[in-house]
Amino acid sequence: MNYDECLAYLDRVGSEVLTMKFGLETTRELLKFLGDPHLEYASILIAGTNGKGSVACFLDSVCVTSGIRSGVYTSPHLIKPEERIVVDGLPVTSQVFANCITRVAEAVNCLQLPSNPTYFEILTATAFLCFAEHDVELAILEVGMGGRLDSTNVVNPVLSILTPVGLDHQMFLGNSLEAVATEKAGILHETGLALMGLQRSEVRRVFVREATRKRVKLLQLDSSDIQYKSSTAGKYTFEFHGTEYELSMCGCHQIENASLASQAFELLSSCGISVSKALLTQGIEKACCDGRIQILSHDPIIVLDGAHNSDAVNNLVQFLTEHTQEPRTLIFSMMKDKDMTPVGELVMACFQDIYLTSMSSDRVASIREMNGLFPSGIPVADPLVAYSRALNTSAKTVVVAGSFYLVGEILKNFE
């Protein structure tokens, strides 16, 4: 198949979330048929509710800076699906992507599996295959949802990283923090090595319990090891374990993500993956990640952020309150499987105008549903029209948030 045929094939598979199923057997069968490419390199697994993509970005930036041939698998993509599969700091080419998707599709046809692989299972197998063909030394894998039964969890990681856990995807993971944490803890492997970020007490108890049961060496990021220094335009300088870092990524929450990545490399040295302090610092400081409080313009300030749950929106609002000017205008859309109710009042207090928009997806909440959260919201069906209108107001700060898919729509058309 060529690239366009591969995109059509993925479209036929169905919605990534609406057709999602938990379980590892399909992915294992696919990978076995393909020669178990996921076993040809070391892997890091990252699970959590927020910060997974940023931590992966920090880790990859250090690898690229240090000459470690890395592969990164993240989700979702903003514009093109091959963005999810990165080798040596760059997304694989459309040709490489198409070649690997074709091999996975051929495997699906040959195997006659009991159930058809999902969108995410196909892309996960494709990523593992791409990494093997590019001879990566270290694969950095962001868990798609949960952890225990996520397709990425077929590897035996040299390090598992647990970023902060909150309530998200409740219909799949459970309605309590303990239930969600139990699913995330599934990436802890027997006698393995793990690192967790700052967690709520009920989440920490679950992780410690599971680590003890599986004889995992679990370390926790210590907030007392982080010393805030200063900030300029929302980019923070801090000290961690005796080294000072000046971040390129915006937001106070990136301090913790960067510290997790830094400590991860301290632990990886025991696995034979070593980097110098100078290259570690350089890699952390250079890291950038699209769609995470991404500043597109300064007059007016235009901010893109994929914040789609309570904790992420809180981080965004904190950044905007401290580092941007009023009046602020928001272009907002969300998936109907998300619960944004807890942050409604906080968002309403931050923005003078809110445009409610939609996208072509079965998962997107209707404007009527969003009006229940934001009664004063201005309905504009087309996100590009909403964006254009926002730019033609007196707003000093324009923000696009609520979904990575919405951010992708704006980025795709940004001039």
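In what follows, the accompanying structure is described. (Residues numbered from 1 in each chain as written. Predicted model: local features only at pLDDT ≥ 70, side-chain atom pairs only at ≥ 80, totals over all residues. Heavy atoms only, no water.)

### A look at the overall build of the protein chain
As a reminder, the rule being used: A run of DSSP states H or I qualifies as a helix once it reaches four residues; a run of E qualifies as a strand once it reaches two. Both are numbered from the N-terminal end. The globule rule used here is 2.2 Å times the number of residues to the 0.38 power, and the radius of gyration it is set against is calculated over C-alpha atoms. Burial classes follow relative accessibility: with a 1.4 Å probe on protein chains only, a residue under 20% of its type's maximum area counts as buried, one over 50% as exposed, and anything between as partly exposed. Should any heavy atoms of two residues lie within 4.5 Å, those residues are considered in contact. Surface accessibility in these figures is a Shrake-Rupley result with a 1.4 Å probe; residues are shielded only by whichever protein chains are displayed. Only four residue types enter the tally: Lys and Arg on the positive side, Asp and Glu on the negative side, with His and both chain ends excluded. To locate a charge, the coordinates of NZ of Lys, CZ of Arg, CG of Asp or CD of Glu are taken.
A count of helices and strands for the protein chain gives 15 helices and 17 strands. The C-alpha atoms of the protein chain give a radius of gyration of 21 Å, which matches the 22 Å a tight globule of 415 residues would have. Projected onto the principal axes, the alpha-carbon positions of the protein chain cover approximately 55 × 50 × 40 Å. Relative to its full complement of 415 residues, the protein chain shows a buried share of 57%. Taking contacts inside the protein chain between residues at least 6 apart in sequence as the whole, the part at least 24 apart equals 73%. Summing over all exposed atoms, the protein chain offers an accessible surface of approximately 16,900 Å²; the carbon and sulfur share of this is 48%. Looking at charge distribution, the protein chain has the averaged site of its 32 positive side-chain charges lying 4 Å from that of its 48 negative ones.

### Side note on the packing of helix α3 (residues 52-66) against helix α10 (residues 277-286)
The condition that has to hold: Here an axis means a line fitted to C-alpha atoms, over the contact stretch when the element is a helix, while the angle between two N-to-C directions is reported on a 0 to 180 degree scale. Orientation categories follow fixed angle ranges, with anything under 35 degrees roughly parallel, anything over 145 roughly antiparallel, 65 to 115 roughly perpendicular, and all other angles oblique. Handedness of each helix crossing follows the sense of rotation of the near helix against the far helix: counterclockwise by less than a right angle gives left-handed, clockwise gives right-handed.
It is the contact of α3 with α10, at a shortest axis distance of 8 Å, that shows an interaxial angle of 130°. When the interaxial angle is binned, α3 and α10 end up oblique. Judged by the sense of rotation from one axis to the other, the crossing of α3 with α10 is right-handed. Contact residues: F58, S61, V62, T65 and S66 in α3; L279, L280, Q282, G283, I284 and K286 in α10.

### Some words on the packing of helix α4 (residues 94-111) against helix α5 (residues 119-133)
Here is the rule: Amino acids are sorted into nonpolar (Ala, Val, Leu, Ile, Met, Phe, Trp, Tyr, Cys and Pro), charged (Asp, Glu, Lys and Arg) and polar (every other residue, Gly among them).
Two elements in contact, α4 and α5, have axes whose closest approach is 9 Å; the angle formed by their N-to-C orientations is 120°. In this view, α4 runs oblique relative to α5, as classed from their interaxial angle. Between α4 and α5 the crossing geometry is right-handed. Listed contacts from α5 to V96, F97, C100, I101, R103 and V104 of α4 are I122, L123, A125, T126, L129, C130 and E133. For the contact of α4 with α5, the residue count by class is 10 nonpolar, 1 polar and 2 charged.

### A short note on unusual backbone geometry
Between D299 and P300 the backbone carries a cis peptide bond, its omega angle lying at 0°. Positionally, P300 belongs in the loop between β12 (294-298) and β13 (301-305). Look at the link from E326 to P327: it is a cis peptide, with omega at -5°. Looking at the element boundaries, P327 is found in the loop between α11 (310-323) and β14 (328-332). The phi torsion at D36 lies on the positive side, around 50°, for a residue other than glycine. Relative to the assigned elements, D36 resides in the loop between α2 (25-33) and β1 (42-47). Overall, the relative accessible area of 26% leaves D36 in the partly exposed class.

### Focus: the sheet that holds strand β9 (residues 226-232)
Worth spelling out the cut-off: Here the rule is simple: two strands pair whenever DSSP picks up at least two bridges between them.
Spatially, the 3 strands line up as an open sheet ordered β9-β10-β11, and their pairing is antiparallel. Edge positions in the open sheet fall to β9 and β11 (243-250), since each of these has one partner strand only. The mean angle between the axes of side-by-side strands here comes to 25°, regardless of whether they run parallel or antiparallel. Sheet topology places β9 next to strand β10 (residues 235-240); 6 bridges connect them, and they run antiparallel. Along β10, the bridge assignment pairs T232 with K235.

### Some details on empty space enclosed by the protein
Stated formally: With a 1 Å grid spanning the protein atoms alone, the term cavity applies to any set of points in which a 1.4 Å probe fits but cannot get out, the term pocket to an open set with protein on both sides within 12 Å along at least five of seven lines, and the term lining residue to any residue with an atom within 4 Å of a point. Grid points are joined across faces, edges and corners, and a volume is the space filled by probe spheres set on the points.
Applying the stated criterion across every chain yields a total of 1 cavity of 30 Å³ or more. Put simply, the largest cavity is a space of about 80 Å³. Forming the walls of the largest cavity are A307, V313, L316, V317, L330, F332, M340, V347, F351, F374, A401 and G402. When contributions to the lining of the largest cavity are tallied by element, the ones reaching two or more residues are α11 and β14. Among the elements that make up the lining of the largest cavity, the one with the highest residue count is α11 (3 residues). Classifying every residue of the lining of the largest cavity by side-chain character gives 11 nonpolar, 1 polar and no charged.

### So, the side chain of T357
Where we set the bar: Here a polar contact is taken to be a pair of N or O atoms separated by no more than 3.5 Å, where protein atoms must pair a possible hydrogen donor with a possible acceptor and residues adjacent in sequence count only if both atoms sit in side chains.
Relative to the assigned elements, T357 resides in the loop between β15 (353-356) and α13 (367-373). A relative accessible area of 0% means that T357 is categorised as buried. Polar contacts involving the side chain of T357 include one to the main-chain carbonyl oxygen of V380, which spans 2.8 Å. Beyond its immediate stretch of four places on either side in the chain, T357 contacts I331, F332, S333, I367, M370, V380, A381, D382, P383, A386 and L406.

### Some words on the sheet that holds strand β5 (residues 138-142)
Strand pairing in a sheet is mediated by backbone hydrogen bonds. Such pairs are either parallel or antiparallel. With mixed pairing, 8 strands are arranged side by side in an open sheet as β4-β3-β2-β5-β1-β6-β7-β8. The outermost strands of the open sheet, each flanked by one partner alone, are β4 (90-91) and β8 (217-220). Here 4 bridges tie β1 to strand β6 (residues 159-162), and the two strands are oriented parallel to one another. For L45, the partnering residue across the bridge sits in β6 and is S160. Strand contacts of α3: β1, β2 (70-73), β3 (85-87), β5 and β6, with the helix running at about 165° to β5, the strand carrying the most contacts.

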